[in-house]
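Architecture and fold: a report
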Amino acid sequence: QQQVKQSPQSLIVQKGGISIINCAYENTAFDYFPWYQQFPGKGPALLIAIRPDVSEKKEGRFTISFNKSAKQFSLHIMDSQPGDSATYFCAASFHNQGGKLIFGQGTELSVKP
Amino acid sequence: DAGITQSPRHKVTETGTPVTLRCHQTENHRYMYWYRQDPGHGLRLIHYSYGVKDTDKGEVSDGYSVSRSKTEDFLLTLESATSSQTSVYFCAISESSSLGETQYFGPGTRLLVL
């Protein structure tokens, strides 16, 4: 019940295209959904996050879409650039449990020039 | 990087030897976490701490212990390393934000157990 399932495992997108990564969760008590971006040899870095009381959040070229009834959320990267090539992780947590994160399995994104 | 350092950054050890990894933070955060990262599994929580001497288990705590005697340091110990503990280990702290407890990660320690 605490799993977060992420797809696809890997994604290849042409420069300028839209990258879409999907996550599904089971526990409806999760109340915080961040996305992390990780470059090789580095720690994950917070990219964007959302609470379940909104359906969409946009920061620059990055958008989270949240579907509470379907228990799904997704990351959209508009106008994808080669510099976006990285591994992306979705996660979920309970606010009242010290923010412990449950991570998805990760998506390796490659943006071709 | 939220003032988080990890040491060592790389370590090679042999099966059966004890190993201690250190996480150090400079900003007095209450919560600290240890995760391991393995291909196909994302990051999984090993242990976390919610204050000095206050720690609790995560989802993959078997074979690991932790200690926090000072706010700034959180130690992860593998009492007797096994090859299955070859992984990349990340420390994190959490910081309150308008959305909730946001976690920031250190640079990681790459551990190879032969």
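What counts and what doesn't
- Along each chain, residues carry numbers from 1 onward, in the same order as the chain's sequence is written.
- Think of it this way: whatever chain is written first is A, whatever ligand is written first is 1, and the rest follow in order.
- In keeping with the model being predicted, local features are shown solely for residues with a pLDDT of at least 70 and side-chain atom pairs are shown and tallied solely at 80 or more, while totals for entire chains, interfaces and linings include all residues.
- To obtain the side-chain values, all non-hydrogen atoms of the structure were included, while hydrogens and water were left out.
- Per the convention used, a helix needs a DSSP run of H or I reaching at least four residues, while a strand needs a run of E reaching at least two, with both numbered from the N terminus.
- Here the radius of gyration uses the C-alpha set of atoms, whereas the globule reference equals 2.2 Å times the residue count to the power 0.38.
- The buried label applies to any residue whose accessible area, calculated with a 1.4 Å probe on protein chains only, is under 20% of its type's maximum; exposed applies above 50%, and partly exposed to all values in between.
- Throughout, a contact is declared for two residues whenever any of their heavy atoms are within 4.5 Å.
- Neither His nor the chain ends contribute to the count of charged residues, in which Lys and Arg are positive and Asp and Glu negative.
- Where a charge sits is defined by one atom per residue type, namely NZ (Lys), CZ (Arg), CG (Asp) or CD (Glu).
- Every case where a carboxyl oxygen of Asp or Glu lies within 4 Å of a side-chain nitrogen of Lys or Arg is listed as a salt bridge.
- Whether two strands pair depends on DSSP finding at least two bridges between them.
- Lines are fitted to the C-alpha atoms to define the axes, a helix being fitted only along its stretch in contact, and any angle between axes, read from their N-to-C directions, falls within 0 to 180 degrees.
- Defined in terms of a 1.4 Å probe, buried area is the accessible area two parts forfeit on being brought together, summed over both.
- A 3.5 Å cut-off defines polar contacts: any pair of N or O atoms within that distance qualifies, except that in protein one atom must be a possible hydrogen donor and the other a possible acceptor, and neighbouring residues in sequence count only when both atoms are side-chain atoms.
- In the scheme used here, Gly and all other residues not listed as nonpolar or charged are polar, with Ala, Val, Leu, Ile, Met, Phe, Trp, Tyr, Cys and Pro taken as nonpolar and Asp, Glu, Lys and Arg as charged.

Moving on, we get to the overall build of chain B. When you go through chain B residue by residue, the secondary structure sums to zero helices and eleven strands. Going residue by residue from the N terminus, the α and β elements of chain B occur as β-β-β-β-β-β-β-β-β-β-β. In terms of overall size, chain B behaves like a compact globule, its C-alpha atoms giving a radius of gyration of 13 Å where 114 residues would be expected to give roughly 13 Å. Structurally, chain B occupies a C-alpha span of about 45 × 30 × 25 Å along its principal axes. Looking at chain B as a whole, 51% of its 114 residues qualify as buried. Within chain B, contacts between residues at least 6 apart in sequence are counted, and of these 54% link residues at least 24 apart. Between the centroid of the 11 positive side chains of chain B and the centroid of its 13 negative side chains there is a distance of 4 Å.

This next bit is on the pattern of salt bridges. Summed over the entire model, instances satisfying the criterion amount to six salt bridges over all chains. The closest approach of N and O atoms between A:Asp84 and A:Arg61, which form a salt bridge, is 2.8 Å. Highlighted residues: A:Asp84 in the loop between strand E8 (72–77) and strand E9 (86–93) and A:Arg61 in the loop between strand E6 (56–59) and strand E7 (62–67), separated in sequence by 23 residues. For A:Asp84, a relative accessible area of 5% puts it in the buried group. Since its relative accessible area comes to 27%, A:Arg61 is described here as partly exposed. Linked by salt bridges that have partners in common, B:Arg22, B:Lys70 and B:Asp73 make up one network.

The next subject is the sheet that holds strand E7 (residues 64–70) of chain B. Residue and element names in this part refer to chain B. Strand order in this open sheet of four strands is E1-E3-E8-E7, and the pairing throughout is antiparallel. Each edge of the sheet is formed by a strand with only one pairing partner; in this case those strands are strand E1 (4–7) and E7. The average angle at which neighbouring strand axes cross in this sheet is 20°, direction not considered. Inspection of the sheet shows E7 paired to strand E8 (residues 73–78) by five bridges, in the antiparallel sense. Across the sheet, Ser-65 pairs through a bridge with Thr-77, a residue of E8.

Attention now goes to the pairing of strand E6 (residues 54–57) of chain B. Looking at chain direction, strand E5 (residues 42–51) of chain B and E6(B) are connected through four bridges and run antiparallel. Looking across to E6(B), one finds that B:Ser49 is bridged to B:Thr55.

Taken residue by residue, the interface counts 23 residues in chain B and 21 residues in chain A. Taken over both partners, the interface formed by chain B and chain A buries close to 1,800 Å², and the fraction arising from carbon and sulfur atoms is 58%. Applying the counting rule to chain B against chain A returns zero salt bridges. Our count for the contact surface shared by chain B and chain A stands at four residue pairs in polar contact (both at pLDDT 80 or more). Within the residue set of the side of chain B that touches chain A, elements represented by two or more residues are strand E4 (32–38), E5, strand E9 (87–96) and strand E10 (101–105) of chain B. No other element matches the five residues that E10(B) contributes to the side of chain B that touches chain A. Its residues assigned to classes, the side of chain B that touches chain A shows eleven nonpolar, ten polar and two charged.

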